Amino acid sequence: MSEPIRKPGPDEQSILDRLQVRLLASAELKRCHDYLEKHHYLGSIKPVGERLYYVATDHQGEWLALLVFAAAAKHLKYRDRWIGWTDVQRERRLALVVNNARFLLLPDKTFPNLGTRVLRMVLARLSNDWQQAYGHPVLVVETFVDPEQFCGTVYTANGWEELGQTDGSGRHRRDYYVRHDKPKRLFVRELRRNARRSLQAEKLKPALAVVEAKAGLRSRHTTKEIESIVDALKQVPEYRTRVGSYPLWSLLAIYLLAVLCGAPRGSKDLAKFARKLSQAQRRALGIRLRHGRYPAPSQSTLWRLLEEIDGAQLQNSLLQIQERLRGPTPKNELIVLDGKEPNHGSGHSVLSAICVPSQYYLASAMVDTKTNEIPVAQKLFPDLDLKDRFVSLDALHTQTQTGRDIVLDGGGDYLLTVKDNQLKLHQNIQKLLPAPQADFPPLETDAHAVSHLPAREGR
């Protein structure tokens, strides 16, 4: 026969009615960890990254319960299936999920309904507190319950959903897991309506997108793919007299992996990207073993990366790698030449040729400060297969010689921009060619009317 459910007594109900929860101050953390170490079956905790500590007190400030929320587990089969996100989304949005890593009702101070009331009060403020502390809210909470110790009633009473049991493994260091053969029950709960829909959306709302920017990107290339990239980059001659842990091809391959992932490529960003590479990926890169592990290059090492490299040899290697990964150059796409200047700091402008819309890279060249893009583009043409292709450049390149090089020497067609300041040419186009019919009227008249003239000379 089951025991009757005991309800809170009058004094206990008075405490529940005046119960308070608050964040712990830094000076109180030692006391919190001492209680956890003494009374929690898992002992204390050393969370890294984003985390919050809560304490529940009576109206006199007496501590009754402690809760710790920290980073969510990286891989949980049932949770990830419940959310419905992809592996890439999980990797970039995991900070929107938090784990209730510790929940302790202090001995001799607990009574019926205390745990349920404390948890409900904390969950009501958790997302806002996270926003204040880390600049973003949280959408989902998870926790693990040891079936040998607890029933999970506190969680189910607060609307948490049990998804199943873990596989009995725990993360050890960063790149691998070890089995402890003590599976836990997994509970989850949405903190706001349609939280899962937000997590699986193609794009996050602006208020949530900050977590993706902070998370960065991780390379998902296999070790075989990385080894293939490294083999091609070994053709680039080493410019350093002394090589430590990072051969040149290893550093270049890290840079290329970041490009392929769409990751930022400043030296600080590259160092962060490199730290996310697994030990197997670093080994495939050719990084040399040090103290039993394959290290990641520092920001200063990556900053010095491109100072004295043979540019022509590097480009040849990149073209070979691109063909291995993406196949041959698309023959039916527009070739676009465009110059870009560094967004930050000094440096030369670079003129690049790519295929559109595939963004297939064809060639590039530096634009010296003593000249402009026009002669640089004309020197690039012989290296490009222009036959029966359209080539597009901006108004700066609307020059007779550029047109002749594309048509007579390259066998291609040009698509050049003409602006009002090229008055005679602009007038001739208006006289000789009828204005194209627009699908819809422009909202306003552009001060610089633009016409496009695709032509092969002689037409």
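## Description of the packing of helix α10 (residues 248–261) against helix α11 (residues 267–275)
Link 1 in the chain: Interaxial distance between α10 and α11 falls to 10 Å at its minimum, and their mutual angle equals 90°. Viewed along their axes, α10 and α11 adopt a mutual orientation that is roughly perpendicular. Residues I254, Y255, L257, A258 and C261 of α10 pack against L270, F273 and A274 of α11.
Link 2 in the chain: Of the residues contributing to the contact of α10 with α11, the split by class is 8 nonpolar, no polar and no charged.

## Quick notes on the confidence of the model for the chain
Link 1 in the chain: On average, residues of the chain carry a pLDDT of 87, and 90% of them reach 70 or more.
Link 2 in the chain: Between residues 171–178, whose pLDDT stays under 50, and residues either more than four places distant or in other chains, the model counts 21 contacts.
Link 3 in the chain: Taken together, the stretch residues 445–459 has pLDDT below 50 and engages in 35 contacts with residues farther than four places along the chain or on a different chain.

## Side note on the environment of L306
Link 1 in the chain: Structurally, the position occupied by L306 is in the loop between α13 (299–303) and α14 (311–326).
Link 2 in the chain: Along the sequence, L306 and L248 sit 58 residues apart, while their C-alpha atoms lie 9.7 Å from each other.
Link 3 in the chain: When neighbours within four sequence positions are excluded, L306 is seen to be in contact with L252 and Y255.

## Topic: the nonpolar core
Link 1 in the chain: Of all hydrophobic cores here, the largest spans 31 residues; its most connected members are I229, L233, L252, I254, L257, F273 and L285.
Link 2 in the chain: For this core, the elements supplying multiple residues, two or more each, are α9 (223–233), α10, α11, α12 (279–285) and α14.
Link 3 in the chain: No other element matches the 8 residues that α10 contributes to this core.
Link 4 in the chain: Setting aside residues no more than four positions away along its own chain, L285 makes contact with I226, V230, W249, S250, A253, I254, L257 and L277.
Link 5 in the chain: Among the nonpolar cores identified, the runner-up in size contains 26 residues, and F69, V118, V122 and Y155 belong to it.

## Some words on the pattern of salt bridges
Link 1 in the chain: Within the structure shown, the criterion is met by 18 salt bridges.
Link 2 in the chain: Taking the shortest distance from any N to any O, the salt bridge between R79 and E142 comes out at 2.9 Å. With R79 in helix α3 (residues 77–83) and E142 in strand β5 (residues 140–145), the pair connects residues that are 63 residues apart, well separated along the chain.
Link 3 in the chain: A relative accessible area of 0% means that E142 is categorised as buried.
Link 4 in the chain: Residue E212 pairs with R93 through a salt bridge whose shortest N-O separation is 2.8 Å. Of this pair, E212 sits in helix α8 (residues 206–215) while R93 sits in helix α4 (residues 87–93), and the two are 119 residues apart along the sequence.
Link 5 in the chain: You can call R93 buried: its relative accessible area is 1%.

Criteria and cut-off values
- Residues numbered from 1 in each chain as written.
- Predicted model: local features only at pLDDT ≥ 70, side-chain atom pairs only at ≥ 80, totals over all residues.
- Heavy atoms only, no water.
- Axes fitted to C-alpha atoms, helices over the stretch in contact; angles between N-to-C directions.
- Helix = DSSP H or I, 4+ residues; strand = E, 2+ residues; numbered from the N terminus.
- Parallel < 35°, antiparallel > 145°, perpendicular 65-115°, else oblique.
- Contact = heavy atoms within 4.5 Å.
- Nonpolar A, V, L, I, M, F, W, Y, C, P; charged D, E, K, R; others polar.
- pLDDT = per-residue confidence, 0-100.
- Core = buried A, V, L, I, M, F, W, Y, C linked by side-chain atoms within 4.5 Å.
- Buried < 20%, exposed > 50% of the residue type's maximum accessible area, 1.4 Å probe, protein only.
- Salt bridge = Lys/Arg side-chain N within 4 Å of Asp/Glu carboxyl O.

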